[in-house]
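Structural overview for review
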Amino acid sequence: MPKEIANMFNPALKVSQISHCSSMEQYKQMHEKSLKDPEAFWGEIAKQFHFEEKVKGKFLDYNFDTSKGKIFVRWMEGAKTNICYNCLDRHVLAGKGEQIAFYWEGNDPADAEVVTYAQLLKDVCRVANVLKAKGVTKGDCVAIYMPMVKQLVVAMLAVARIGAVHSIVFGGYSADSLADRMLDAQASVLITADAVWRGPKLIALKEIADDALKLCRGKGLEVKMNLVVQHMNNVTAPQPSNGSAANGNPAKKTHFDDKVNWDSSVDLWWHEVVSTSSSECDPEWMDTEDPLFMLYTSGSTGKPKGVLHTIGGYMLYTATTFKYSFDYHPGDVYFCTADIGWITGHSYVTYGPLLNGATSVLFEGVPTYPHTGRFWEIIEKYKVSKFYTAPTAIRTLMKFGDEPVKKYDLSSLAVLGSVGEPINPEAWLWYYRVVGDSNVSIVDTFWQTETGGHVITPLPGATPCKPGSACFPFFGVEVALLDEEGQEIKGEGEGYLVFRRPWPGIMRTVYGNHERFETTYFKKFPGFYCTGDGARRDSDGYIWVTGRIDDMLNVSGHLLSTAQVESALVEHSSVAEAAAVARPHIVKGECLYCFVTLTEGIQFEDKLVGELKTKVRSKIGPFATPDFMQLAPGLPKTRSGKIMRRVLRKIAVGDRDFGDISTLADPSIVEKLFELRPKGASK
């Protein structure tokens, strides 16, 4: 069992004994080689994959300095490959066709399916042929707007197989958001589904997609095809409160076909055209620097930007980070709870696992439906050994206590991962002790849509962890901390988190706007990729990501990260979640304005407010005492679970000009928060 010494947690012995990287000495040697000789390091890794043609130019060529010309990154110049071939054909040809690729778990526990690598390959080829028949060719963009079903994985791999570019839009965005992304990408083909149950809530995807396509046509985009998966006739509908299929009642299927509007000029049922298509389709051999996908991420201005990733480097990096960050071995069952509509789903539901020939759980539902133990039920059912979820989900499930976890046998777990935002130490410890029974390794991964894969992370068999720290850079990643003037901070210190060189998975541009790419990531500090996040390095060299740099504030000359304040607040037993932002102050320059979500049954009273302010004061210092404390029944979050802090900053100063909030999971929470502003916080 791992030792817990002064907040340092050693890797679980059952992990380190078989780990791909089993000591810090081995990690340091590998990391040093990846920086000193990237061609040898990544070239050796590349040997496990199929390349139709080998590298003809430089293995790595790049410029990070805007003063020296256009920013560019190129890996394995001239080589040709196909990522779909490496995800599927390579394993089938090696005799692993009958291995399970995915256990699919529907929104309701009554719905489940098993998909092998051989089945996946045949389905991918059929859809690829449908796309080709509709005129989709190399370089064309295909938009995908779907629930978490196997057809989503099939669709993205089919697009990649024929050399097209996929743009996946989370199946919950509005029609306007979907249309904006299709118009920017000039996607003339859409793949969607009739509808989906998300918990007990029905999302009419086809209806939303129809509205989006009307908007696209109105702005001159000709849509060739809308390929629709008939999902609702094959899944269990939520039952009335004590009539759920989950408590033993017979499964009841949803009959939805008569509710779907149909435009025969563009709409095609997936099951009708795919079933008659050939199950053989040769892959298109692509240059390693050809585009693979674009994924839109919200910018600070509110206008989404199309982050563009290319094939070869992304393939190497997602495969390698998956293998080492989760210490994947044949026989493991891996479960990532992320939606494929986000980068975590791209890299660690689809590409990373399939490139490693892994067996994974593909989950359509939500963590609290039809009960609060759904994650743990799935882990027990499939004997999951590697589990990856978000701090938001962990904190949500913490609110229900330990009992829903302890009902299930989770002894198969070996590695628990965290993704999406820095995890506060209290959630880390609960995850470790309650979910992992203090006999697992925790990997708190830091990365972005733009990085393609993990860039700072513990390695589960090697790294002694400090709860809340992302620990050390992954192979090929060279971290630096800079002050406001661009001077490097050596040793202990806090500043801008930047990277000195490219790793294979780094984005290559913002689609259609390379100038925005250069301005956003490279102009502030020439020679460095700027993450936009702040971080501190402690005396042991551990990296602690403190959040977006604009979420740092200067109170009376003290630089303070809001993440520190939030961590202090959630230590109080009455607080389930907290968010802190800066608010202008006539004396201090800036002061703290805090939003707190309370655990069930707790009242927001003056006594509690006093306790919370004292908690922050005692944990950080008198200068950090919040000036404002507000009750928050919920926080404004994107559908990927990230808090939209620019909205909170507007609420803090009483400004209703929120900008674009279409990406919020629940836009109504904004007005509720505005109404709950404390009396002394008037503008």
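In this text, all values refer to a predicted model and were calculated from it rather than measured experimentally.

Points about the pattern of salt bridges
Any two side chains of opposite charge can pair, so long as their charged atoms come close to each other. In the structure shown here, the tally under the stated rule is 34 salt bridges. For R74, the salt bridge identified is with E77, shortest N-O distance 3.5 Å. As a salt-bridge pair, K206 and D210 come within 2.9 Å of each other at their nearest N and O atoms. Here D210 and K206 lie together in helix α8 (residues 205–218), a separation of four residues that amounts to about one turn. The class for K206 is buried, based on a relative accessible area of 2%.

Examining the confidence of the model for the chain
Averaged over all residues, the pLDDT of the chain is 92; the fraction at 70 or higher stands at 94%. Note on residues 242–252: pLDDT is under 50 here. Beyond four places in sequence and across chains, it has 22 contacts.

Observations regarding the sheet that holds strand β10 (residues 189–193)
The mixed open sheet is built from eight strands, whose spatial order is β14-β13-β10-β8-β9-β16-β17-β25. Each edge of the open sheet carries a strand with a single partner, namely β14 (267–269) and β25 (509–510). Pairing of strand β8 (residues 141–145) with β10, which is carried by four bridges, proceeds in the parallel orientation. Residue pairing for β10: V142 is matched across the bridge by V189.

Focus on the environment of E52
Considering the arrangement of structural elements, one finds E52 in the loop between α3 (38–46) and β3 (60–63). Under the relative-accessibility criterion, E52 is labelled partly exposed at 41%. Not counting the four nearest positions on each side in its chain, E52 is found in contact with K80, T81 and W285. Within the structure, E52 has its side chain in polar contact with the side chain of H50 (distance 2.9 Å).

Notes on the environment of E488
Turning to its location among the elements, E488 is positioned in the loop between β23 (479–482) and β24 (493–499). The exposure class of E488 is partly exposed, given its relative accessible area of 29%. Sequence spacing of E488 and D65 is 423 residues, and the spatial spacing of their C-alpha atoms is 16 Å. E488 has contacts with A480, L481, L482 and R500, leaving out every residue within four places of it along the chain.

Thresholds applied
The numbers attached to residues start from 1 for each chain and follow its sequence in the written order. Side-chain atom pairs in this predicted model are given and counted only at pLDDT of 80 or more, local residue features only at pLDDT of at least 70, and totals for whole chains, interfaces and linings cover all residues. To get the side-chain values, all heavy atoms of the structure are used, and hydrogens and water are removed first. For salt bridges, the criterion is a side-chain nitrogen of Lys or Arg within 4 Å of an Asp or Glu carboxyl oxygen. Starting at the N terminus, helices and strands are each numbered in turn, a helix being any DSSP run of H or I of at least four residues and a strand any DSSP run of E of at least two. Categorising residues by exposure relies on relative accessible area from a 1.4 Å probe, with only protein chains included: less than 20% of the type maximum marks a residue as buried, more than 50% marks it as exposed, and the intermediate range marks it as partly exposed. The predictor attaches a confidence to each residue, called pLDDT, with possible values from 0 through 100. The contact criterion used is simple: two residues touch if any of their non-hydrogen atoms lie within 4.5 Å. Strands are treated as partners if at least two bridges between them are detected by DSSP. By the criterion applied in these results, polar contacts are pairs of N or O atoms within 3.5 Å in which, for protein atoms, one can donate a hydrogen and the other can accept it, and in which residues neighboring in sequence qualify only through two side-chain atoms.

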